[in-house]
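Structural features, examined
Residues per chain are reported as follows:
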Amino acid sequence: MKAVKDAENTNRKIFQIKPQRYFIDIVYSNKEYDRKIGIGKVKTHRGGYVNKNRITIISPEVRKLSFSMEPFFYHEINHIFYTTLVGTYHPVWFSEGMSTYLMKSYKIDDSGWKNFFRSVKKPEEYSYYRYIKKKYYKNSGQFYTLSFFVYRYLSQKYGEKIILKLLKDFSKKPSQPYFDKLLIKYFKLTKKQIVQNAIR
């Protein structure tokens, strides 16, 4: 499929590595999708999901995706490259922010969302380090949007080369405390300060 090949080539240019071998599973119902990825009766948008080296997608013949095939596969294959480089999907706010921003088709109400986050006492609390199903799906709009804002800010201010250096460093000892230290090392800012800058 051309969209898959293009997504892989584009991500390879960014990460400068060969991805781990991965598989794409196409399913034909919500029930089959839920069983594949293990989300049960959680209320959420169903379309695509990555777990380790498997991408699960509901057939477009059954359900229209939120995005066209090109950005969809860019997003999901970005996760494959990320986990190949880092060895983990964590921090999920960073990996999702990266794949969502770089797919270049995520459209939101910038000013409306920024006003919302500025009204929240601790907006950085929407930046989850690990995937916690209940919290993740309950606040998915806030999570994805803030992740997008933060990664966009870092990418535009510091560039992908600096971000890749951070991720390579992080891969040596992937943990939340170490990632937080790396934010200070590379950006001279705490996570809280980065979030505040991103939502200005």
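The rules we used
Residues numbered from 1 in each chain as written. Predicted model: local features only at pLDDT ≥ 70, side-chain atom pairs only at ≥ 80, totals over all residues. Heavy atoms only, no water. Buried < 20%, exposed > 50% of the residue type's maximum accessible area, 1.4 Å probe, protein only. Helix = DSSP H or I, 4+ residues; strand = E, 2+ residues; numbered from the N terminus. Arc of directions from axis to C-beta. Salt bridge = Lys/Arg side-chain N within 4 Å of Asp/Glu carboxyl O. Pairing = 2+ DSSP bridges. Axes fitted to C-alpha atoms, helices over the stretch in contact; angles between N-to-C directions. Lys, Arg positive; Asp, Glu negative; His and termini not counted. Contact = heavy atoms within 4.5 Å.

**Here we look at helix α2 (residues 30-37)**
Within the span of α2, buried status applies to Y33, D34 and I37. The arc that holds the buried residues of α2, viewed along the axis, is 95°, so those residues lie on one side. In α2, the exposed residues that point more than 90 degrees away from the buried face are K31 and R35. Positive backbone phi, approximately 75°, marks G38, located one or two places after α2.

**Some points on the pattern of salt bridges**
Tallied over the entire structure, the rule returns six salt bridges. Among the ionic pairs, D25 bridges to R54, the shortest N-O distance being 2.8 Å. Note that D25 is positioned in strand β1 (residues 23-27) and R54 in strand β3 (residues 54-58), a separation of 29 residues in sequence. Residue D25 is classed as buried on the basis of its relative accessible area of 13%. The exposure class assigned to R54 is partly exposed, which follows from its relative accessible area of 35%. Its salt-bridge partner being D110, residue R152 comes within 2.7 Å of it at the nearest N-O pair. Of this pair, R152 sits in helix α7 (residues 140-158) while D110 sits in helix α5 (residues 110-119); the two residues are 42 residues apart in sequence, bridging distant segments of the chain. Taking the relative accessible area as the measure of exposure, D110 reaches 27% and is therefore partly exposed. By sharing partners, the salt bridges in this structure join D169, K172 and K185 into a single network.

**A look at the sheet that holds strand β2 (residues 48-51)**
Pairing in this open sheet of three strands is mixed, and the strands run β1-β3-β2 from one edge to the other. Two strands in the sheet have a free side with no partner beyond their single neighbour: β1 and β2. Direction aside, neighbouring strands of the sheet carry axes that sit 20° apart on average. Inspection of the sheet shows β1 paired to β3 by five bridges, in the parallel sense. From the neighbouring strand, V27 faces β3, where its bridge partner is I58.

**Thoughts on the side chain of E124**
With respect to the element layout, E124 can be found in the loop between α5 and α6 (133-138). Lacking a salt bridge, the buried E124 has K192 as its closest oppositely charged neighbour, with an N-O distance of 4.7 Å. Apart from the residues lying within four places of it in its own chain, the contact partners of E124 are L146, K191, K192 and V195.

**Quick look at unusual backbone geometry**
Put simply, H90 and P91 share a cis peptide bond, and its omega is -15°. Even without being glycine, Q16 reaches a positive phi, approximately 60°. Inspection of the secondary structure puts Q16 in the loop between α1 (2-15) and β1. Phi angles above zero are rare outside glycine, and K188 is one such case at about 60°. Tracing the chain through its elements places K188 in the loop between α9 (176-187) and α10 (191-198). Note on K188: relative accessible area 64%, which makes it exposed.

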